[in-house]
Every structure is written in structure tokens, then in C-alpha cells.
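# A closer look at the structure
The residues making up each chain are set out below.
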Amino acid sequence: MIQALAFYLFAAVTVASGVMVISSRNPVHSVLFLILAFFNAAALFVLLGAEFLAMILIVVYVGAVAVLFLFVVMMLDINFVELRQGFARYLPIGAAIGLVLLAEIFLAVGAWTVIPVTADNNLTSIPPMNDVTNTHALGALIYTHYVYLFQTAGLILLVAMIGAIVLTLRSRTDVKRQSVDAQNARRPEDVVEVMKVGRGGGV
Amino acid sequence: MSAIDPYILSGVIIVAQILAIVVPLLVAVAYLTYAERKVIGAIQLRKGPNVVGPFGLLQPFADGIKLLAKETILPAGANKLIFILAPMLTFVLSLIAWAVIPFDDGMVLANINVGVLYLFAISSLGVYGVIMAGWASNSKYAFLGALRSAAQMVSYEVSLGFVIISVLLCVGSLNLSDIVMAQKTIWFAIPLFPMFVVFFISALAETNRAPFDLPEGESELVAGYFVEYSSMSFALFFLGEYANMILMSAITAVLFLGGWLPPIDIAPLNWIPGPIWFFLKIAFVLFFFLWVRATMPRYRYDQLMRLGWKVFLPLSLFWVVLTAGVLVTFDLVPA
């Protein structure tokens, strides 16, 4: 009973904060509500017994992605009233994307399977807690049946990373950069000269 | 009502356990501030606090009462709700991580399978208190401090994660009690010594301590992100920062110094109960925190970023590969 109550609490807060993300006037508040939604989604994962996914959701999305979101949103001077002007115009596109996502969810929980070995997993997605931990179960699946897909995902991310670096990298000639190696390699005898200065003589 | 009765009983037990962790923790935080002033005083050939109570032992309480008695100031331009929420968040995050820390064999509030990930998740959230405080204060010093802190914490988290992975490779479990038990023969600080050093330095950066205390650099940013805070809201930041130091020391003790285990499992040493060993190890790491603060000058910001991304990240990545290679080659991979 407590589990059901907890589910409805977390689910309600997730949906409510999702609505607040798109309806609050202040963009910083939007990001903070997004974080609240992530948290409650993680709590729902915990209720499912998927503790590994819950922690990863918080580490990756809340701990890294949302920090950068917040970073950017705080720096920008966004006028949300202006942004809202085109709301009615973009509504059909948004609704279409929503429908596609809904259809995908139906496909994913429906009869369609990518790999026959995992066909049984749709119904028994939670292995008994005493048999194997989440982390072992995920590892055993990702590094065996899905290893090529896993590697491909990694390569796609690598390409994206290289792309981001190439776009922002520029070698500037007008700044003087510190060379730590050169600094550490300096020895006192190379750069400091100790002189005996005679009285009234000067250097 | 009989369906609810077991929940009430277990609820009462859990609250009692939480109090048994939090109350000693807050006393430890109070005396950490005292220890810091005494240790730095000794290093700088001063006496430190010695007026309030015998040996100045009541100084932390005098400080606390002073902060409580002061007026809470809300800046006119501040975003009120977030301004008040930020110190509370910092303080709460520094407390909830203790739920998974094992004090002895089986002596843990929540013995969850993904304990290390939980700790990593909570410590990565600490940055929110800082960013929210900096932004809500509506002051340029606070905002600059918050931006610095966000970039710094995100940078050092990456190498912190790799260090944790190399420990996990040697354990084969994410459970903190399992990690401690895996160090029965040898503490991980010895085979993974470079990672131990990287972890300690990253912990300094993660808790915004000297020499990485740029977010609160008083010489250029006045006091950084909490410059607009006063009274109890300031005290919550202060308590949160020191509780985080204790937490990071506890994580270091669990990951590298064998948690509650004695150094060698022989007669006089293993008579001493586990929590005392754990406490001694935490105190040992904390002393390093204070020692570093009294010794090191503050890093320049670009040096801080260089150290995180160009030194620690490649080094820790290399050690993950090396650890995995050694474990596979010598057939030492834990089941």
C-alpha cells in the first residue's frame, strides 16, 4: 500500500513539475523544476527496483547536464514573453512529436523485439532481487548481446565530442600562454645571477 | 490499522537511527571548526581559541549562538524563495549522504547495492546549493563565485568518477560494506596509491577547500557565493561545508583506508571496535585537509582547470585501464 502511495506521489510530482517546466515565467525556475522532475523519475526507477538506473539518472542528468543548463540559462538574458509568441504556431508540431513518442512507447512495450534472446525480458524485466544485482544484470546484457550497439553509441558520442571541440577550438596568437613544463624546468642558476655589489658601485 | 502498525514501528526505528547519526555528526562539525582553528594556530605558532571554556572548548557553541542571535537579511533584489532554499539544500545534501556510510560490519542505515553511486550522485548535487545561492543573491560577487564553483566541481567530478571505477574493479561490487570487506588483506591505498592521491586532491576541489577555494576567494570575490548571507542561513552553508569535509574523509576511509578494519588483524588491534578505527581514519584524513589549508597558497583559476582536465583526467583514465589489465592478466578479477 505504501508503495502504491509512493508511486502516485512521485508520479504526480513528476507530471506537475513537467508542466511547471514549460509554464513558469523564469527560465531558471524552469530548469529547477526540470531537476525536480528528474529526481522524481529516479524515485520511480527505485520503486521499479532499477536502482542502478535511478542513480545514473541523477549522476548524469542532475549532476552534469542540468548544471550546464543552469549555467547557460543564468548567463543568457532570455525574454520569455517573446518566446511565447509563437506558441500557437508550433503547437501542431509539438503535438505530432508527442504522438510519435507515444507510438514508440507502445511499440517498445508491445510485441516487437530487437533481439530474440531478450524476447522474454519484456514481461520479466525485473530479475528476482536475490539472484543478481541490477548492475550485474545490465552488464551481462550490454557487454554480450548489445556489445556492437553499445560500441556504436560510444563512437557516435565520440564524434559529437570531437565536433564540439573542433567548433570551439581556435588557436589565439594574441595571448601569452603559460608553459608549465618550461616553468618547472627552469633552474635558479639559469635565470638568477647573484652579484656582489661594491659600495657606491651600482650593478 | 493493523496493516499500518509495522510501518509505524519501523518508521520510529529509522528516525532513531537517523538521530544517532546526525546528532554526533553535528557535534563533530562543531568541533571540526574548533580543530581547524587550533591546528592552523599551531602551524602558525599561535594558540588558537583559548578563552571560551577550558582550552577554548566552548568556542564552537559561542560561535553558533552568535550566528543564531543575528538578524537574517534578505537582499531587496534577491529571488526570495531560491535564496532561502539554497542553504537548506546544501545542508540537507551534506547530511543525507551519511545514510549509506557503514560504521561497522552491518552497522549502516541503508545497506543498498549501489552505495558508491548514491554517494557520487549526492556529492555531484552539492554544486546546486552554490549555484542557486550565487544566482538568487543578485550580486556580481556571489554570481562570479557560483560560476567558478560550478565549473570547478563539474571538472573534478570526472576524475573522481574514474578513481571510483578503479576501486570498483578491484571489488566487483558497488556496495560500500563489500568494498570495505575486500580490503581485509590489503588497503586499497597501497596498490592504488596514485589514485588515492588523486582522490584526496579531487576531494579538496569538490568541497571547495584550500588550495581550491576559488569560489569563496576572499581577496577578489569578498566571500564568493555566500557574500549576501547572514545569521542562520550563513551558518547552514558553513555547517554544510564542514559536514561535506567529514563526508569526503569518510568516503576516502571507506574506499582506500579499509573503513572500520584495523590496520593488521592481530590481537591488540582487533580488540578495538570498528567504529573507533573508522573515526580515527576520518580524523587522520581531516587533519590533511587542515594541514593543506595552512600550507598551500590558492591556485590560479586556469591552473585549477589544467590540473583537473590535463593531469588528473588522463592519469585516472590510464589507471583504470592499467588496473583492469593487471586484474585480467593475473586472473585476479573478483567474481
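Provided above is the structure to which this section pertains.
Now for a quick tour of the structure.

The rules behind each value
- Residues numbered from 1 in each chain as written.
- Chains lettered and ligands numbered in written order.
- Predicted model: local features only at pLDDT ≥ 70, side-chain atom pairs only at ≥ 80, totals over all residues.
- Heavy atoms only, no water.
- Phe/Tyr/Trp six-rings, centres within 6.5 Å; stacked < 30°, edge-to-face > 60°.
- Helix = DSSP H or I, 4+ residues; strand = E, 2+ residues; numbered from the N terminus.
- Buried < 20%, exposed > 50% of the residue type's maximum accessible area, 1.4 Å probe, protein only.
- Patch = residues over 30% accessible without salt bridge, like charges linked within 9 Å, V, L, I, M, F, W, Y side chains within 5 Å.
- Areas by Shrake-Rupley, 256 points an atom, 1.4 Å probe, with all protein chains shown as cover.
- Salt bridge = Lys/Arg side-chain N within 4 Å of Asp/Glu carboxyl O.
- Contact = heavy atoms within 4.5 Å.
- Axes fitted to C-alpha atoms, helices over the stretch in contact; angles between N-to-C directions.
- Parallel < 35°, antiparallel > 145°, perpendicular 65-115°, else oblique.
- Left-handed = near helix turned anticlockwise from the far one by under 90°.
- Nonpolar A, V, L, I, M, F, W, Y, C, P; charged D, E, K, R; others polar.
- Buried area = accessible area lost by both parts, 1.4 Å probe.
- Polar contact = N/O pair within 3.5 Å; in protein donor to acceptor, adjacent residues only side chain to side chain.

All names here are of chain B. Per the stated rule, a full pass over the model turns up 22 aromatic pairs over all chains. Pairing Phe 83 with Tyr 229 gives two aromatic rings, centres 4.2 Å apart and planes at 5°, and the pair type is stacked. Of this pair, Phe 83 sits in helix α3 (residues 80-96) while Tyr 229 is found in the loop between α8 (218-221) and α9 (231-256), placing the two residues 146 residues apart along the sequence. On the accessibility criterion, Tyr 229 (6% relative accessible area) is buried. Each ring, one from Phe 199 and one from Phe 256, has its centre 5.6 Å from the other, and the planes form 55°; the classification is tilted.

What follows deals with a nonpolar patch on the surface. On the surface, Leu 155, Leu 158, Met 161, Ile 162, Ile 165, Val 166 and Leu 169 of chain A cluster together to form a nonpolar patch covering roughly 710 Å² of accessible area. In this fold, Met 161 of chain A is placed in helix α7 (residues 147-168).

Should the charged atoms of two oppositely charged side chains come close, the side chains can pair. All names here are of chain B. Following the criterion strictly, the structure yields six salt bridges over all chains and no others. Between Glu 36 and Arg 293 there is a salt bridge, with the nearest N and O atoms lying 2.8 Å from each other. Placement of Glu 36 in helix α1 (residues 5-43) and of Arg 293 in helix α11 (residues 274-295) is noted, with a sequence separation of 257 residues between them. The partly exposed category is assigned to Arg 293, whose relative accessible area is 39%. As a salt-bridge pair, Arg 37 and Asp 63 come within 2.9 Å of each other at their nearest N and O atoms. Of this pair, Arg 37 sits in helix α1 while Asp 63 sits in helix α2 (residues 59-69); the two residues are 26 residues apart in sequence, bridging distant segments of the chain.

All names here are of chain B. Assignment of secondary structure puts Thr 90 in helix α3. On the basis of relative accessibility, which here comes to 11%, the residue Thr 90 falls in the buried class. When sequence neighbours within four positions are dropped, the list of residues in contact with Thr 90 reads Gly 129, Phe 237 and Gly 240.

This brings us to the packing of α9 of chain B against α11 of chain B. Residues and elements named next belong to chain B. Where α9 contacts α11, the two axes come as close as 8 Å, and the packing angle between them is 120°. Viewed along their axes, α9 and α11 adopt a mutual orientation that is oblique. Viewed along their axes, α9 and α11 form a crossing whose handedness is right-handed. For the pair α9 and α11, the contacting residues are Tyr 242, Met 245, Ile 246, Met 248, Ser 249, Ala 250, Thr 252, Ala 253 and Val 254 in the first and Phe 278, Lys 281, Ile 282, Val 285, Leu 286, Phe 289, Leu 290 and Arg 293 in the second. In terms of residue class, the contact of α9 with α11 is built from 13 nonpolar, two polar and two charged.

With that settled, consider the interface of chain B and chain A. In this assembly, 29 residues from chain B lie in contact with 27 residues from chain A. Taken together, both faces of the contact between chain B and chain A bury some 2,400 Å²; the carbon and sulfur share is 77%. In this structure, the connection of chain B to chain A is made through five residue pairs in polar contact (both at pLDDT 80 or more). Of all the secondary-structure elements, those providing two or more residues to the side of chain B that touches chain A are α4 (115-136), α5 (140-171) and α12 (301-329) of chain B. Ranked by residue count, the leading element in the side of chain B that touches chain A is α4 of chain B, at eleven residues. A breakdown of the residues in the side of chain B that touches chain A according to their chemical character gives 20 nonpolar, five polar and four charged.

Note that every value here comes from positions in space, so none of it alone points to a role or purpose.
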